[in-house]
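Below, each chain spelled out in residue letters.
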Amino acid sequence: MKLTFLGTGTSSGVPVIGCLCAVCRSHDPHNKRRRASIYIQATGQHIIIDTPPDFRDQVLTFGMRRVDAVLITHAHADHVFGFDDIRRFNEVQDTVIPVYGSPATMAAMNHFFPYVHQVAQPGLSCPRVDFQAVAAPFAIGPVRIEPLPVEHAGIETYGYRLEADGRTLGYVPDCHRLSAAVAQRLRGLDCLILDGLRRKPHPTHFTLDQSVAELKRLSARRSFITHMTHDLDYETTAQALPAGIEIPYDGLIVEV
Ligand SMILES: [Zn+2]
Ligand SMILES: [Zn+2]
Ligand SMILES: [Zn+2]
């Protein structure tokens, strides 16, 4: 499995509009964070998790050539409002692209993007997608996908556990609590990526310290923090993290 971090930032991205803090003014490219998304290539499948407002820039910057399926974690703006640009992959690949998420997430997608169900007019470009509400494990080719309900802001939110080629990966970008059942499914993975917003407490996200504690408990072979604010300078945060827990940056590629 090959994982690419397309975005590692919170809903505002980093730098934050109008902010003059040291991280927002930093020249370190590791401190430029697009909204959270990852791209996974495994057994010939190309899977994107979330299509943030930065989706087009992410595709162009990191050179993604194909999307076979989209997984949506939840219907917050920072995870779905770049979705319309999926249509270029329809045109390039000449395929309909399946999009998976919880029932409430798919209802929201239908609400935000009702035009995807209209018959395309000749000469007009529109996503050709198949919205599929899922609540149980399913497969994309040989990749096994398990949706995992997590607590976040009172809206139906999934993390995902992916398994392919004998490798396992977990992705939970937005979450403030993991149930025992979900934690069990995220334990001992090859790679786990978990929400770790900032240092100050937040009602709907794990803080950095909470995230580190969860990641230690779940003991993946490699652990990463994501969905970070301008609170977290890359260099100083990276140096302070315990062994085995890493802070990623946009464009980082990991062989899982
Ligand atoms: Zn988010
Ligand atoms: Zn700032
Ligand atoms: Zn959210």
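Each remark here, short or long, concerns the structure printed above.
Here, residues in each chain are numbered from 1, in the same order as that chain's written sequence. For this description, chains carry letters from A and ligands carry numbers from 1, given in the order in which they are written. With the structure being a predicted model, the display of local features is reserved for residues of pLDDT at least 70 and the display and counting of side-chain atom pairs for 80 or more, all residues being used for whole-chain, interface and lining totals. Hydrogens are left out, water is left out, and the side-chain values use all remaining heavy atoms of the structure.

Engineer: Which parts of the structure should I look at to understand the coordination of the zinc ion (ligand 2)?
Structural biologist: Working reference: metal with six octahedral donors, ideal angles 90 or 180 degrees; metal with four tetrahedral donors, ideal angle 109.5 degrees. With water omitted from the atoms examined, metal sites may look incomplete; donors here are N, O and S atoms no farther than 2.8 Å from the metal, or 3.2 Å in the case of Na, K and Ca. The zinc ion (ligand 2) binds to the protein through C19 (SG), C21 (SG), C24 (SG) and H230 (ND1), with metal-donor distances spanning 2.0 to 2.3 Å. Every angle between 85 and 135 degrees makes a four-donor site tetrahedral, while opposite donors more than 155 degrees apart, with all other angles between 65 and 115, make a four-donor site square planar and a six-donor site octahedral; other sites are irregular. Viewed at the metal, the 4 donor atoms of the zinc ion (ligand 2) are separated by angles of 104 to 114 degrees, and the geometry they form is tetrahedral. In primary sequence terms, the donor set of the zinc ion (ligand 2) follows C-x1-C-x2-C-x205-H. Of this pair, C21 sits in the loop between β1 (2-7) and β2 (37-42) while H230 sits in the loop between β12 (222-226) and α7 (234-240), placing them 209 residues apart in sequence. Using a relative accessible area of 24% as the deciding quantity, one classes C21 as partly exposed. Every helix listed is a DSSP run of H or I at least four residues long, and every strand listed is a run of E at least two residues long, numbered separately from the N terminus. Each residue gets one of three labels from its accessible area relative to the maximum for its type: buried under 20%, exposed over 50%, partly exposed in between, using a 1.4 Å probe on protein chains only.

Engineer: Is there a simple way to explain the sheet that holds strand β14 (residues 253-255) in this structure?
Structural biologist: Hydrogen bonds between backbone groups are what pair the strands of a sheet, and the pairing can be parallel or antiparallel. By the convention used here, strands pair only if DSSP detects at least 2 bridges between them. Spatial strand order, β6-β5-β4-β3-β2-β1-β14: 7 strands in an open sheet with mixed pairing. Whereas interior strands pair on both sides, the edge strands pair on one side only; in this sheet they are β6 (129-133) and β14. Sheet twist, expressed as the mean angle between neighbouring strand axes with direction ignored, is 20 degrees. Note: β1 against β14, 3 bridges, orientation antiparallel. Helix axes are fitted to C-alpha atoms over the stretch in contact, other axes to C-alpha atoms as well, and angles between N-to-C directions run from 0 to 180 degrees.

Engineer: Hey, could you run me through the sheet that holds strand β7 (residues 138-140) in this one?
Structural biologist: Ordered by their spatial adjacency, 7 strands build an open sheet running β7-β8-β9-β10-β11-β12-β13, and the pairing between neighbours is mixed. Single-partner strands in this sheet number two, and they are β7 and β13 (245-246). Examined bridge by bridge, β12 and β13 share 2 bridges and lie parallel to one another. Pairing of F224 across the sheet is with E246, part of β13.

Engineer: What's the story with the coordination of the zinc ion (ligand 3) in this structure? I'm lost.
Structural biologist: Around the zinc ion (ligand 3), the donor atoms from the protein are H74 (NE2), H76 (ND1), H152 (NE2) and D174 (OD), and they sit 2.1 to 2.5 Å away. Coordination geometry of the zinc ion (ligand 3): the 4 donor atoms subtend angles of 92 to 170 degrees at the metal centre, consistent with an arrangement described as irregular. Written as a sequence motif, the donor residues of the zinc ion (ligand 3) are H-x1-H-x75-H-x21-D. In this model, the zinc ion (ligand 3) sits 3.4 Å from the zinc ion (ligand 1), the two metals being bridged by D174.

Engineer: Please explain the nonpolar core as it appears in this structure.
Structural biologist: For soluble globular proteins, the rule of thumb is that nonpolar side chains tend to be buried together. Counting 29 residues, the largest nonpolar core has L3, I38, I40, L71, I145, L162 and L169 as the members making the most contacts within it. With 4 residues, strand β9 (residues 157-164) is the single largest residue contributor to this core. Those residues within four positions of I145 in sequence are excluded, and the remaining contacts are I47, L71, P137, F138, I140, Y160, R161 and L162. For this analysis, a nonpolar core means a set of buried residues of the types Ala, Val, Leu, Ile, Met, Phe, Trp, Tyr and Cys, connected via side-chain atoms within 4.5 Å. Within the second largest apolar cluster, 24 residues are counted, among which are V150, L208, L232 and I247. Between two residues, a contact is recorded if the distance between any of their heavy atoms is within 4.5 Å.

Engineer: Would you mind showing me how to read the layout of surface pockets here?
Structural biologist: Empty space among the atoms becomes visible once a probe the size of a water molecule is rolled across them. Two kinds of site are reported from a 1 Å grid over the protein atoms alone, namely cavities, where a 1.4 Å probe fits but cannot get out, and pockets, open sets with protein on both sides within 12 Å along at least five of seven lines, and residues are called lining when an atom falls within 4 Å of a point. Grid points are joined across faces, edges and corners, and a volume is the space filled by probe spheres set on the points. A volume near 250 Å³ is recorded for the largest pocket. Taken together, F55, R56, V59, L60, G63, M64, R65, D85, R88, F89 and V92 make up the full set of residues lining the largest pocket. When residues of the lining of the largest pocket are traced back to their parent elements, those giving at least two are α1 (55-62) and α3 (87-93). The greatest single-element share of the lining of the largest pocket, amounting to 4 residues, is contributed by α1. Gly falls in the polar group here, along with every residue not listed as nonpolar (Ala, Val, Leu, Ile, Met, Phe, Trp, Tyr, Cys, Pro) or charged (Asp, Glu, Lys, Arg). Tallied by class, the residues present in the lining of the largest pocket amount to 6 nonpolar, 1 polar and 4 charged. Taken as a whole, the second largest pocket encloses approximately 160 Å³ of empty space. Every residue lining the second largest pocket is listed: K2, T4, Y39, Q41, H46, F62, G63, M64, R65, R66, G251 and I253.

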